[in-house]
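# Fold and contact review
One letter stands for each residue in the lines below.
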Amino acid sequence: MLRWVRLSHHVIVHFLQLRNCNRSNITGVRTSLLFFCLCVFLLCVSVFLLSVCFYVVCVSVFLLSVCFYVVCVSAFLLSVCFYVVCVSAFLLSVCFYVVCVSVFLLSVCFYVVCVSVFLLSVCFYVVCGRCAEDLYKGIQSSDSGVRCDSLKQLASVSTDVTFAQEFISRDGHLLLVKIVEDSNEVPLIMTHTLTGFMELMDHGIVSWENLSAEFIKKIASFVNAKAMDASIQQVSLAILESMVLSSSSLFQLVKQEVTMERLLSHLQVQLFLVVRVIKTPHAFQELFVFLAKKNLRQYIYKNIIHSSASVGDEMAHYLYVLQSVTLNHLELRMRMPLDSYNQDQREILHNLRQAAFETESENSLSNERRRSLCAKEFKKLGFSNNSNPGQDLLRTPPGLLALDTMSYFASRYPDAYSRFVLENSSREDKHECPFARGSIQLTLILCEILRIGEPPSETGSNYHPIFFSQDRLLEELFCVCIQLVNKTWKEMRATQEDFDKVMQVVREQITRTLSSKPTSLELFKNKVNALNYSEILKLRQTERLHQEETLAPPVLELKERLKPELLELIRQQRLNRLCQGTLFRKISSRRRQDKLWYCRLSPNHKVLHFGDVEEETETPAIEGLQEKIPVADIKALLTGKDCPHMKENKGKQTKEVLDLAFSITYDVEEYSLNFIASSRIDFCLWTDGLSVLLGRDMSSECMRSELEILLSMEIKLRLLDLENVPIPDNAPPVPKPPSNYNFCYDFSQTEQ
């Protein structure tokens, strides 16, 4: 800074010296002055930079102080957190101590409970051991009565596993085996012996495979015997069932000893064994083939389905299980989608196309031409994806089962198949029924109705008698129902947008027909074809009315009683509407705006007043209507094309105008008053009102609709107190009169 001041002093001195110089040195003076200004400017810039540096230093000091404050606050918060952690640790330690004390007390209680249970089990074990010892000795008694009582008690107490362990530990089960093998006991004792043995073996303490072949043969002999106590046979069958379910080796042994012919001879008793064996995975295929060879289905169809005796609940359950397990054999195909790389499946698809369309040799066609031809024919078959029809069969269910049913129909009934496809592929009115799409959906519907893929219920008994009439029920039902789809499609005049509606009707047709329990495919075919679309609509309407209880005889009788009162109410409403009047428009032959006129009935219902009015007029008074017609002079009421004003303009009026036209004739036939109603409602109101004035019955659709609504509302109101109470079809009988009338009520006690 001092340097800049000295420099300025020298510049000023130099400037003063220059003043005394000659004026010729004026250029040097100017240069010196410029140099002086530059120096002053540099001095100012230096001062500014120094002030900026000072400001930066101040800001830095401020920021440092803020940082120091933040550090202090953070340290305080850390100390608070440390304090909270310390308090939490203390509380956790207290909780841990409480938990430890609780666990200790619980362990003490558990120990006491365990000791108590141990003492009880010891006591029970001792009791069971003593009971087992007593029964073991009683079974070996020489007295038959004691043996019978001991075996009877054994059959009841063997359900307890502890007793079973004690009895088996004394080789009690071997004693029962010996009694069975000897077969020297009476049927009652043998029944108790087999029952007790069955209960002991059910605990799984001893394996079924440890039994001797002689014992199994003896049990099988009880089943094979023609004259044998039913209770012994029942328990013997239960023992054989457990053997079959336990291992495949025992199954082979039982199959050798118990002949299928013998089982079939008394199927009513032993069918459940066949059903149980079919349920076992390792025996299903083998026994399924065996039953087919033995004509089990034909035997059931002939001797049970067509038997004069009714099928019992137990037999119905066995038939249901046999049906369910057999149909579930199709589940694998139902769950499997089509494989586009499977040559056999692709071959079946192309066989369907070739069976429907007689085409020339495709070898002479180019690849592009062949693909185009195939896509066109697959589209005619009804596939949604005609370029790759296999895509339609990827959905599971029905999967490959749909392909199987279509192939079966095409091969078994080729004429019906070709007729179905060609009939619909040649139609050009958008009413063609798609065969492939309908077949896939129909197969799914049949799978759902027949419950394919669902395990049989333990209590189910809903079997279809038709199942036992066919070896391939699903395929045969499909062949009948796919033709039903085509028939229903034509009855409904359906298009592609109505596909779901048609299939819903078909499902209802199949379900209703199967619910009638047809016993043969031919009977099913006749019934399902008779149940056409119009019949389905009638049944739906009838069921809806039955649900509302409107078809019960008492309700119908009540309707007939209420109808006159409600008809009178409608008549009064029509007359009141005529008294209020209506604005009508005149029809003119010239192309100009039509004139308006008003007509109304007098309050005493004796005169019709009418006259021309302006368009803005709302409801003119009767005095403003100049012309009138006495009701007594009205001769007839004409409607539609019978009206005089419609006859005059015949061929010029539309159907809409004809439906709204009516006339009344009066005095003689030459005079008439012609009306054109503005709406169908006005037409119905006036024709009904004029019919009432003429003493005739009302016949409009509005009257019928209103009468039905009023009847329905009145019936519902009167039946509110009977909600959820079934209404009988017939009136209850009147009780018989008393034998005499020598009775009366004593009022003297009441008066006192």
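Cut-offs and rules
Residues numbered from 1 in each chain as written. Predicted model: local features only at pLDDT ≥ 70, side-chain atom pairs only at ≥ 80, totals over all residues. Heavy atoms only, no water. Helix = DSSP H or I, 4+ residues; strand = E, 2+ residues; numbered from the N terminus. Buried < 20%, exposed > 50% of the residue type's maximum accessible area, 1.4 Å probe, protein only. Contact = heavy atoms within 4.5 Å. Pairing = 2+ DSSP bridges. Axes fitted to C-alpha atoms, helices over the stretch in contact; angles between N-to-C directions. pLDDT = per-residue confidence, 0-100. Parallel < 35°, antiparallel > 145°, perpendicular 65-115°, else oblique. Left-handed = near helix turned anticlockwise from the far one by under 90°. Nonpolar A, V, L, I, M, F, W, Y, C, P; charged D, E, K, R; others polar.

Our next topic: the side chain of serine 242. Position of serine 242 relative to the elements: it lies in helix 8 (residues 230-246). The buried category is assigned to serine 242, whose relative accessible area is 17%. Other than its neighbours up to four places away in sequence, serine 242 contacts Met198, Asp202 and Trp208.

Read across the sheet, three strands follow the order 5-6-7 without closing on themselves; strand pairing throughout is antiparallel. Looking at the sheet topology across the chains shown, the edges are occupied by strand 5 (634-639) and strand 7 (671-676). In this sheet, adjacent strand axes meet at a mean angle of 20° when their direction is disregarded. Of the pairings in the sheet, the one linking strand 5 to strand 6 (residues 661-666) comprises five bridges and is antiparallel in character.

The next subject is the confidence of the model for the protein. Put simply, the protein has an average pLDDT of 82, and 84% of its residues get 70 or more. No element of the protein has a lower mean pLDDT than helix 11 (residues 267-279), at 51, and none a higher one than helix 22 (residues 499-515), at 94.

For the bond from threonine 396 to proline 397, the omega torsion is -15°, close enough to zero to count as cis. Among the secondary structure elements, proline 397 is positioned in the loop between helix 17 (367-381) and helix 18 (400-412). In this model, proline 397 is joined to proline 398 through a cis peptide bond whose omega is 10°. Turning to its location among the elements, proline 398 is positioned in the loop between helix 17 and helix 18.

Let us now look at the packing of helix 16 (residues 343-356) against helix 18. Orientation of helix 16 relative to helix 18, taken along the N-to-C sense of each, is 40°, at an axis distance of 10 Å. Considering their axes alone, helix 16 and helix 18 lie oblique with respect to each other. Both helix 16 and helix 18 take part in a crossing whose hand is left-handed. Residues Gln345, Ile348, Leu349 and Leu352 of helix 16 form the contact with helix 18, whose participating residues are Leu400, Leu403, Met406, Ser407 and Ala410. Residue classes in the contact of helix 16 with helix 18 are distributed as seven nonpolar, two polar and no charged.

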